[in-house]
Each structure stands twice: as C-alpha cells, then as structure tokens.
Amino acid sequence: MTRTSAFAALLPVAVAIVLAAVAGGAVLAQSTTPSIATLRGAAALDANGEPPRIPQTEETDRRRPRAYPEQPPTIPHRIDGYQLDKNGNQCLSCHARARVAESGAPMISVTHFMDRDGQFLATVSPRRYFCNQCHVVQGRVPPAVDNNFVDIDSLLAVESGRGRQ
Amino acid sequence: MKQLMALVARFWATLTRPAAHLSLGALAIGGFAAGVIFWGGFNTALEATNTETFCISCHEMRDNVYQELRQTVHFTNNSGVRATCPDCHVPHDWTDKIARKMQASKEVWGTIFGTIDTREKFLAKRLDLAKHEWARLKSNDSLECRNCHSEEYMDFSRQGPRAADAHQAFLVTGQKTCIDCHKGIAHDLPNMAGVEGWN
C-alpha cells in the first residue's frame, strides 16, 4: 500500500471527525443559548437548572375582576395544604351551598351543579369537583410572556369610537 | 393453698413488725433513695414513650401518618418551629397524660395483633381513628392546639382578613373550637362524606 492510498483510505475518517466536531460545537452552542424558551431555562442538558423562587401567594381576600365573563374567578387566598381528593374537598367546606351562610364565602356558581346534559343536580357535579382545574391562586411574578389581551369593554369602546367617527 | 396462706401470713407478720436489724435512718434514707430511683425511672420511661422517635419506631406510624405530617406546616415552615407527635396527641398535664397513656395500651394491643399493619387496613380504619382524635380534641376544647396557639395572643391585624373574621366570629366567642374547622391540618383526611361541615 502506497502513502497516497493510505491517505485516501483515511480521508473519510478525518472528514467524519471534523464534521462531528462541528456538530458537537453546534450542540454546545445551542445548549447555552436556546432559541426556544423552556421551563428548564438555559441550563445544559446534563446539569440542573436553577428553579425559580416560589412566589408569595396573594392573600387579599378581595375578588379580582374577571377579564371576560366566562373566566373562572381566581382564588384570592392561599390554599396551601388544602385537601382536594376523593376523600374530601376543603374548598367546599366553605364554598358549598350549605356552608356559605357560616363561612361568608361566595357560593360556587350554579353552573357547577349541572351535569354535561345541562341537568341540575342536588350538589356539585362530579365533573366540577376538582376546583383547581380551573381556579388558581395568584402569585406576584413577572409575566413569562408579553400579553396584549384587551377585555371586551375596552374593545367595544374602541369600536364604538370608530363607528362614531 | 394452705401453704400459700401461711406464706402470706408470715410476710404480713414481717411487714407489720418493727425492723429488728435495720436502723430507722437506713430505712428512711434507703426508702427515699429507692423512691427517687423508681419514680425517676418511671418518669424516664414515660418520657421515652413520649417522643417522636418512639412513635415512628412502629411502621404503622412511620409509613402512614408520619409521612403525611412531613408535608405540612407543622413539620416544616419558615420559622423552623415544629410539632412532634406527642405535642398534639398527648396531653401535657400529668394526670391527663397518664389517662391517655392508659388508653394507649390499646394501641400496644393493636400493634401486637396487627390491627392496622397494612396500608389497606389502615385506610379502612382511618375514619374511626380520626373520629377518636376529633372527639378528644373537641371535648378538651382543642387543648393540644392551645398549648402553642392562643387566641389571646393572636394578632388579628396580621392574619388574612378571612382568618381574622372567622377567628373573631367563632373562636373568640367560644362557638367553635380549633378542631371544628382545622381538621386534616397535619394528616390526610379520611373519606369525609357525612362528617359535619364536609357535606
């Protein structure tokens, strides 16, 4: 075997090594500056990211306005340690129809008594039992993404303003 | 039987006679020392059973209720003050404590005969067990809660409006006691269907 033929035989291997190095560099570059925001943040794949600090939960006990009529109202108090499973529903120990006279809490909406055929049941419908599927507490955190939501009143005001012009 | 009676009679005769060989001082000091040792030993043993380590030395406690406690504010919180099992489940006053300890002999029976030695058995019996504790705390006006929490020293202005209103309306007026509202704060609740306030 001559020297040139040996070089020719090794060439594909060398090219493969160079390509792998470039690809590896690209992967490294990607892991340090992700183009897509993820919950992991910019941490490398083999490292643990820094978890965000747990925010303070709002405890004002004042109802927040709803952004739109169908919005599930937010929870204006802490719910840490509240049991919500098949054994018990601590939310309902204040918000159930029979409990609100004593607790002073707002009663769950009548829509929660309806089954999916629109029939009213005597008590909360099983499909509405797990409150925190829709109702959530609020924490003081910077918004994760920009939000340009406009509520219907503001929108109508703008539209009617235009109509008058 | 006759021999036994004779033995008892002889023992009684010895007990009622003045000591022939021991001095009064030896008897008095010896009796005092023995008293200190026995009483101290009794109390030490009693206190040893009044620790969390003792409670969770049985798997019934360690694997069920203790694991649940670890998630709650009574185990880990911002100030680092925590409650151990006996803080809530054993009265602190001596007579009440002894009464509870005598009751607890049934729990020794339970652990020997495996009344709740599996998770399934425990869950099946959980409502009964919880009802015992609710009844106990209800009847002593939540004494064990009040060993640490006192409405006299509660600063309602530093509580959430919801808590402040409820405490002033029901706790201060004596209409309700802690356990009436605060069930399941240190352990998971059993099936609450039919329990007052949980319909």
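Scroll up to find the structure this text is about.
As a starting point, this report considers the structure included with it. Numbering of residues starts from 1 in each chain and follows the order in which that chain's sequence is written. Working convention: letters from A go to chains and numbers from 1 go to ligands, in the order in which they are written. The predicted origin of the model limits local features to residues at a pLDDT of at least 70 and limits the giving and counting of side-chain atom pairs to 80 or more, whereas totals for whole chains, interfaces and linings rest on all residues.

**Some words on the overall build of chain B**
Looking only at helices and strands, chain B features 11 helices and 0 strands. In chain B, the order of α-helices and β-strands from amino to carboxyl end is α-α-α-α-α-α-α-α-α-α-α. C-alpha atoms define the radius of gyration in this analysis, and the globule rule sets the expected value at 2.2 Å times the number of residues to the power 0.38. For 199 residues, the compact-globule estimate of 2.2 N^0.38 gives 16 Å, and the C-alpha radius of gyration of chain B, at 24 Å, exceeds that figure by more than 25%. Along the three orthogonal principal directions, the C-alpha set of chain B runs to about 75 × 40 × 30 Å. Looking at chain B residue by residue over its 199 residues, the buried ones come to 10%. Two residues form a contact once the distance between their C-beta atoms, set from the backbone, is within 7 Å. Partitioning the intrachain contacts of chain B with sequence separation of at least 6 by distance along the chain shows that 58% fall at a separation of at least 24. For helices the rule is a DSSP run of H or I covering at least 4 residues; for strands it is a run of E covering at least 2, with both sets numbered from the N terminus onward. Exposure classification rests on a simple neighbour count of other C-beta atoms within 10 Å of a residue's own: a residue reaching 20 or more is buried, one at 12 or fewer is exposed, and one in between is partly exposed. C-beta atoms are placed from the backbone.

**Here we look at the nonpolar core**
Residue and element names in this part refer to chain B. Remark: nonpolar core denotes a set of buried Ala, Val, Leu, Ile, Met, Phe, Trp, Tyr and Cys residues whose joining runs through C-beta atoms within 7 Å. Judged by nonpolar contacts, C55, M61, V65, L69, C88 and A186 together constitute the single largest core of 6 residues. Residue contributions to this core peak at 3 residues, all from helix α4 (residues 59-69). Contact partners of A186, with chain neighbours within four places excluded, come to L69, T72, H74 and C88.

**Quick notes on the environment of D63 of chain B**
Here D63 of chain B shows up in helix α4. It is 24 Å that separates the C-alpha atoms of D63 of chain B and L46 of chain B, two residues lying 17 residues apart in sequence.

**Details of unusual backbone geometry**
Positive phi is not limited to glycine here, since D61 of chain A has a value of about 60°. For D61 of chain A, the location among the structural elements is in the loop between α1 (3-32) and β1 (84-85). We note that D141 of chain B has phi near 55°; this positive angle belongs to a residue other than glycine. Among the secondary structure elements, D141 of chain B is positioned in the loop between α8 (119-139) and α9 (143-146). The class of D141 of chain B is exposed, set by 12 C-beta atoms lying within 10 Å.

**With respect to the environment of A124 of chain B**
Residues and elements named next belong to chain B. Positionally, A124 belongs in helix α8. A residue is classified by how many C-beta atoms lie within 10 Å of it, and A124, with 12 of them, is exposed. In the structure, A124 is positioned 27 residues away from K97 in sequence and 28 Å away in space, judged by C-alpha atoms.

**Looking at the interface of chain A and chain B**
Facing 11 residues of chain A, the contacting portion of chain B comprises 16 residues. Gly falls in the polar group here, along with every residue not listed as nonpolar (Ala, Val, Leu, Ile, Met, Phe, Trp, Tyr, Cys, Pro) or charged (Asp, Glu, Lys, Arg). Taken together, the residues of the side of chain A that touches chain B sort by class into 2 nonpolar, 7 polar and 2 charged.

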